[in-house]
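# Structural features, examined
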Amino acid sequence: MNQLSDRINSLSTSATLAMAAKARELREEGKDIIGLSLGEPDFNTPDFIKDAAKQAVDDNYNSYTPVDGYAELKDAIITKFKRDNQLEYNRQQIVVSTGAKQSLYNIASVMLNDGDEVILPCPYWVSYSDIVKLNGGVPVEVKTSIEDDFKMTPSQLEAAITPKTKMIWYSSPCNPSGSVYSKTELRALADVLQKHPNIYVVSDEIYEHINFIGGHCSMAQFDDMFERTITVNGVSKAFAMTGWRIGYIGAPKTIARACNKIQGQVTSGANCIAQRAVITALEASPEKVQYMVDEFKVRRKLILGLLSEIEGFSCNEPEGAFYVFPDISSYFGKTLNGITINNASEFAMYLLEHANVATVTGDAFGNPNCIRISYAASQDQIKEAVKRITEALD
Ligand code: PMP
Ligand code: GLU
């Protein structure tokens with residue numbers, strides 16, 4: 001009996017979540033696993049945000065919320081977009097969702113027809129490709145190189161465009177490479193799009209504040225791109241609020257209203273207490289959470305220094321987010337502890353089993369030569385993890 005749909009059978013399991021689950025399982029069996037697989041800050045949600053949530057409970061925020069978010073939250077998002085990104089949205093253009101993941105899913109479901117192509121510069125965040133496929137779209141991967149800091153060049157973009165191209169999805173700062181597109185680089189991509197007025201851009205800016213070089217640029221800041229860019233953001237990363245599940249978009253009105261419509265049929269509005277807390281988070285100055293960014297910066301230096309001492313690891317210098325994405329392909333074909341490593345998945349599995357360190361294979365991000373290591377872990381854990389990796393590869 002075929003219980004499941006072809007659609008679900010063709011969907012991959014999220015590799016980041018799968019690896020985190022595997023690490024959890026091994027820990028329950030008593031193994032001392034260091035988890036560097038999941039992209040989630042190891043900080044607690046700041047107290048001023050927790051206090052706002054407690055207040056919301058006491059103030060009896062317990063009913064269904066407006067599908068696209070409380071008006072006060074939409075206003076806080078509008079102010080945030082203006083303050084941090086110089087973008088002018090109105091309430092009709094904002095939709096609050098259950099995490100940026102749902103925001104991305106909404107976009108794909110309201111914009112894609114079967115066979116529409118979505119350009120994904122590789123490496124891309126793990127769920128982009130499957131969200132696109134689940135909604136009938138066709139992911140078109142654009143391979144980038146470590147020499148180009150894993151960024152798509154204008155000529156690569158031009159070459160990937162076909163009459164079926166509907167959208168481009170990218171994240172900056174990028175998960176998994178940490179690359180940050182400069183204003184000049186984004187302008188050069190926008191210039192290519194001038195010849196293709198029907199192509200939309202999904203700009204995933206969830207790591208906006210975790211940027212070590214400054215100068216965050218949003219594609220929608222260019223006047224000629226504003227009407228065809230959907231800006232995605234959320235509070236999971238900058239505010240250490242992964243479990244609160246709040247993401248949001250600023251988008252052209254027709255797209256935002258369509259997202260509101262689908263959300264109304266699928267989940268209704270996002271959690272009421274979390275929304276109230278996020279009002280407080282977004283109204284605060286980003287300076288209030290800078291201490292986490294400062295710590296990530298110290299850890300970045302630490303992990304890059306330690307990894308540079310391992311033979312066969314080749315890294316770009318990430319400018320944001322909290323990942324390193326080393327090319328480990330020099331190990332392919334080698335035998336370690338009697339195990340032959342043929343690809344990045346086998347390499348990540350080898351590290352899990354022989355170093356007790358959980359990472360994620362680059363295949364999941366569209367780059368089969370790399371693995372992703374999250375450094376959202378304490379400095380001691382990072383040191384111990386790299387020590388174990390070094391020993392397991394020796
Ligand atoms: N985009 C990127 C690039 C991410 O790394 C994540 C990680 N969770 C998301 C979107 C989704 O974030 P969330 O659903 O937690 O808001
Ligand atoms: N975005 C995080 C990551 O890439 C969280 C896991 C997920 O949502 O897939 O690890």
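Provided above is the structure to which this section pertains.
Residues numbered from 1 in each chain as written. Chains lettered and ligands numbered in written order. Predicted model: local features only at pLDDT ≥ 70, side-chain atom pairs only at ≥ 80, totals over all residues. Heavy atoms only, no water.

### Digging into the sheet that holds strand 9 (residues 323-324)
Here we have 3 strands laid out as an open sheet, ordered 9-14-13, and antiparallel in their pairing. The open sheet has two edge strands, strand 9 and strand 13 (360-361), and neither has a second partner. (Pairing = 2+ DSSP bridges. Helix = DSSP H or I, 4+ residues; strand = E, 2+ residues; numbered from the N terminus.)

### Regarding empty space enclosed by the protein
It is the rolling of a water-molecule-sized probe over the atoms that shows where space remains empty. For the structure on display, the rule yields 4 cavities of 30 Å³ or more. There is about 70 Å³ of room inside the largest cavity. As for the largest cavity, its lining consists of Pro121, Pro123, Tyr124, Trp125, Tyr128, Phe150, Trp169, Tyr170, Ser171, Cys174 and Tyr181. Here the lining of the largest cavity gets 3 residues from one element, more than from any other, and that element is strand 5 (residues 165-171). Taken together, the residues of the lining of the largest cavity sort by class into 10 nonpolar, 1 polar and no charged. (1 Å grid on protein atoms, 1.4 Å probe; cavity = no way out; pocket = protein on both sides within 12 Å on 5 of 7 lines; lining within 4 Å. Points joined across faces, edges and corners; volume = space filled by probe spheres on them. Nonpolar A, V, L, I, M, F, W, Y, C, P; charged D, E, K, R; others polar.)

### Focus: helix 14 (residues 379-393)
The first and last C-alpha atoms of helix 14 sit 21 Å apart over 15 residues, in line with the 21 Å expected at 1.5 Å per residue. Within helix 14 the residues assigned to the buried category are Ile382, Ala385, Val386, Arg388, Ile389, Ala392 and Leu393. Along helix 14, the residues classed as buried sweep out an arc of 160° about the axis, all on the same side. The exposed residues of helix 14 that point more than 90 degrees off its buried face are Asp380 and Glu391. (Expected span 1.5 Å × (residues − 1). Buried < 20%, exposed > 50% of the residue type's maximum accessible area, 1.4 Å probe, protein only. Arc of directions from axis to C-beta.)

### Quick word on the packing of aromatic side chains
By the definition in use, this model includes 18 aromatic pairs. A centroid spacing of 5.6 Å and a plane angle of 70° characterise the contact between Tyr170 and Tyr181, whose relative ring orientation is edge-to-face. Note that Tyr170 is positioned in strand 5 and Tyr181 in the loop between strand 5 and helix 8 (183-193), a separation of 11 residues in sequence. By the ring-pair criterion, three or more aromatic residues cluster together here, those being Phe43, Tyr207, Tyr291, Phe296, Phe322 and Tyr323. (Phe/Tyr/Trp six-rings, centres within 6.5 Å; stacked < 30°, edge-to-face > 60°.)

### Examining the sheet that holds strand 3 (residues 117-122)
Pairing is mixed in the open sheet, where 7 strands are placed in the order 2-8-7-6-5-3-4. Edge positions in the sheet fall to strand 2 (94-97) and strand 4 (138-143), since each of these pairs with one other strand and no more. Each strand axis lies, on average, 20° off the axis of its neighbour in the sheet, ignoring direction. Here 4 bridges tie strand 2 to strand 8 (residues 247-250), and the two strands are oriented antiparallel to one another. Looking at the pairing, Ser97 lines up with Gly247 of strand 8. Packed onto the sheet, helix 6 (residues 127-134) meets strand 3, strand 4, strand 5 and strand 6 (200-204) and runs at close to 155° relative to strand 5. Across the face of the sheet, helix 10 (residues 253-266) comes into contact with strand 2, strand 6, strand 7 (229-234) and strand 8 while running at roughly 30° to strand 2. (Axes fitted to C-alpha atoms, helices over the stretch in contact; angles between N-to-C directions. Contact = heavy atoms within 4.5 Å.)

### Thoughts on the pattern of salt bridges
The tally for this structure, following the rule as stated, stands at 22 salt bridges. Across the pair Asp191 and Arg187 runs a salt bridge, and its minimum N-O distance is 2.8 Å. Note that Asp191 and Arg187 are positioned in helix 8 at a spacing of 4 residues, about one turn of the helix. On the accessibility criterion, Arg187 (23% relative accessible area) is partly exposed. Salt bridges here are not isolated pairs; linked through shared partners, they connect Asp32, Glu384, Lys387 and Arg388. (Salt bridge = Lys/Arg side-chain N within 4 Å of Asp/Glu carboxyl O.)

### Observations concerning helix 11 (residues 272-283)
For helix 11, spanning 12 residues, the distance from its first C-alpha to its last is 17 Å, which sits close to the expected 16 Å at 1.5 Å a residue. Most of helix 11 sits out of view: 10 of its 12 residues are buried. Elements in contact with the buried residues of helix 11: helix 3 (47-58), helix 4 (71-85), strand 2 and strand 8. Where helix 11 begins, the side chain of Asn271 points an oxygen toward the backbone nitrogen of Ile273, at a separation of 3.0 Å. (Polar contact = N/O pair within 3.5 Å; in protein donor to acceptor, adjacent residues only side chain to side chain.)

### Regarding the site of ligand 1
If you check the shell around ligand 1, you find 13 residues, and the closest are Ala100, Asn175, Asp204, Ser236 and Arg245. The contact in question runs from an oxygen atom of ligand 1 to an N or O atom on the backbone of Lys101, over 3.0 Å. In this structure, Asp204 approaches ligand 1 through a side-chain N or O atom, which is 2.6 Å from a nitrogen atom. Isolated, ligand 1 exposes 390 Å² of accessible area, and the fraction of that covered by the protein chains is 93%. In this structure the site holding ligand 1 corresponds to the largest pocket. When residues of the shell around ligand 1 are assigned to their parent elements, the largest contribution, 3 residues, is made by helix 5 (residues 100-111). Looking at the shell around ligand 1 residue by residue, the classes come out as 5 nonpolar, 4 polar and 4 charged. (Near = heavy atom within 4 Å. Areas by Shrake-Rupley, 256 points an atom, 1.4 Å probe, with all protein chains shown as cover. Sits in = over half its atoms within 2 Å of the grid points.)

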